[in-house]
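# Survey of secondary and tertiary structure
The residues making up each chain are set out below.
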Amino acid sequence: MLQAILFDVDGTLADTERDGHRVAFNLAFRDAGLDWHWDVATYGELLTVTGGKERIRYFIETHDPALPETDDLAGWIAGLHKAKTAYYLALLKEGEIPLRPGVERLIAEARARGVRLAITTTTTPENVDGLLRATLGEESLDWFEVIAAGDIVPAKKPAPDIYTWTLEQMNLAAGEVMALEDSGNGVRSAQAADVPVIVTRNDYTAEDDFSGAVAVLSDLGEPSAPADTLVGPTPTDGLVDVDYLVACLAG
Ligand code: XBP
Ligand code: MG
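The present account deals with the structure reproduced in this document. (Residues numbered from 1 in each chain as written. Chains lettered and ligands numbered in written order. Predicted model: local features only at pLDDT ≥ 70, side-chain atom pairs only at ≥ 80, totals over all residues. Heavy atoms only, no water.)

## Overview of the sheet that holds strand β5 (residues 197-200)
Taken in spatial order, the seven strands make up an open sheet running β3-β2-β1-β4-β5-β6-β7, and their pairing is mixed. In this open sheet, the two strands that pair with only one neighbour each are β3 (146-148) and β7 (229-231). Taking the axes of each pair of neighbouring strands and ignoring which way they run, one obtains an average angle of 25° across the sheet. One ladder, built from three bridges, connects strand β4 (residues 177-181) with β5; its direction is parallel. Bridge pairing in β5 places E181 opposite V199. Sheet contacts for helix α8 (residues 184-192): β4 and β5; angle to β5, the most-contacted strand, approximately 175°. (Pairing = 2+ DSSP bridges. Helix = DSSP H or I, 4+ residues; strand = E, 2+ residues; numbered from the N terminus. Axes fitted to C-alpha atoms, helices over the stretch in contact; angles between N-to-C directions. Contact = heavy atoms within 4.5 Å.)

## Considerations on the pattern of salt bridges
This structure, assessed with the given rule, holds 12 salt bridges. For D8, the salt bridge is made with K157, and the minimal N-O distance between the two is 2.9 Å. Here D8, found in the loop between β1 (4-7) and α1 (17-31), pairs with K157, found in the loop between β3 and α7 (161-170); they are 149 residues apart in sequence, far enough to count as distant. The exposure class assigned to D8 is buried, which follows from its relative accessible area of 5%. For K157, the salt bridge identified is with E181, shortest N-O distance 2.8 Å. Of the two residues, K157 is situated in the loop between β3 and α7 and E181 in strand β4; the sequence distance between them amounts to 24 residues. Of the two residues, K157 and E181, both sit in the buried class. (Salt bridge = Lys/Arg side-chain N within 4 Å of Asp/Glu carboxyl O. Buried < 20%, exposed > 50% of the residue type's maximum accessible area, 1.4 Å probe, protein only.)

## Brief notes about the site of ligand 1
In the vicinity of ligand 1, 19 residues are found, and the nearest of them are G52, H81, K84, T121 and T124. Here an oxygen atom of ligand 1 sits 3.0 Å away from a polar atom, N or O, in the main chain of D10. Separating an oxygen atom of ligand 1 from a side-chain N or O atom of T121 is a distance of 2.4 Å. Summarising the interface, the protein chains cover 96% of the accessible area of ligand 1, which totals 450 Å² for the free molecule. Looking at the shell around ligand 1, the elements with two or more residues in it are α1, α3 (52-63) and α4 (73-93). Among the elements that line the shell around ligand 1, the one with the most residues is α1, at three residues. (Near = heavy atom within 4 Å. Polar contact = N/O pair within 3.5 Å; in protein donor to acceptor, adjacent residues only side chain to side chain. Areas by Shrake-Rupley, 256 points an atom, 1.4 Å probe, with all protein chains shown as cover.)

## Digging into the coordination of the magnesium ion (ligand 2)
For the magnesium ion (ligand 2), the full set of protein donor atoms is D8 (OD), D10 (O) and D182 (OD), and the range of their distances to it is 2.1 to 2.2 Å. For the magnesium ion (ligand 2), the donor residues sit on a single chain with the sequence spacing D-x1-D-x171-D. Remark: D182 occurs in the loop between β4 and α8 and D10 occurs in the loop between β1 and α1; sequence separation between them is 172 residues. Comparing D10 with D182, the two get one shared label, buried. (Donors = N, O, S within 2.8 Å, 3.2 Å for Na, K, Ca; no water.)

## Things to note about the nonpolar core
Judged by nonpolar contacts, the single largest core of 37 residues is most densely connected at I5, F7, L13, L106, I198 and L245. Mapped by element, the contributors of at least two residues to this core are β1, α4, α5 (103-112), β2 (116-120), α6 (125-136), β4, β6 (215-217) and α9 (242-250). Taken domain by domain, the makeup of this core includes at least three residues from each of domain 1 (4-15 + 99-250) and domain 2 (17-93). If sequence neighbours within four positions are ignored, L106 has contacts with I5, F7, L180, L220, V240, D241, V242 and L245. One finds V146, A179, V195 and V216 within the second-largest nonpolar core, a separate group that totals 23 residues. (Core = buried A, V, L, I, M, F, W, Y, C linked by side-chain atoms within 4.5 Å. Domains from an automatic or database assignment.)

What follows is the structure in structure tokens.
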């Protein structure tokens with residue numbers, strides 16, 4: 001039986017990457033006097049690596065950009081990433097990053113039906129707070145029993161650690177929950193923890209490998225704009241709801 005829904009954040013709750021994180025990274029690079037710029041296509045390539053600090057390091061390793069002399073690269077990256085987080089939080093506060101279709105609807109139904117909620121994400125904890133506050137309001141932080149984010153586990157997705165950690169915190173078995181993800185890395189992370197996963201894909205992840213996911217959909221669907229089903233069971237009226245998740249879990 002479905003006990004809990006575990007939500008990924010970036011790309012799943014909201015399309016945060018292109019007009020949120022990417023923009024914030026570029027503003028932080030400018031402030032640091034770096035002539036780096038991550039355009040939409042470049043950022044798409046860099047998204048293969050999860051975690052902002054890990055992504056900066058991967059960019060340095062693969063693109064060999066100009067950077068200041070330092071004997072503490074990890075510390076320098078952490079500082080740059082902190083500046084990026086500040087810009088990202090400011091963007092969220094401006095309220096320009098909405099939730100994806102169906103997210104608020106499903107959360108409301110799950111709460112009404114006593115299905116437990118958690119967040120399992122790679123992004124920085126402050127970013128989760130900022131997004132929830134800006135979209136669902138201050139009180140929504142309490143709706144999620146566990147917010148598992150960022151460096152709380154050393155190995156980010158696609159490693160299973162964030163899912164395993166969340167299940168332990170909630171005292172639940174992998175078969176009692178459904179994960180919602182948007183990316184191949186997210187699917188691999190959930191699967192490595194034996195957690196069943198449904199994908200709502202987006203522009204950046206449309207070509208990702210989702211094999212093993214229970215279903216792949218365009219989004220969670222709204223009455224005015226039903227979801228398209230690409231793989232797996234089709235939700236009634238194109239709306240992903242608790243009954244759909246229960247049926248998917250039962251297989
Ligand atoms: C998203 C990520 C994060 C964000 C940027 O993962 O990989 O790194 O892109 O956030 P998920 P930070 O979809 O699992 O949430 O810069 O705070 O890492
Ligand atoms: Mg994601």
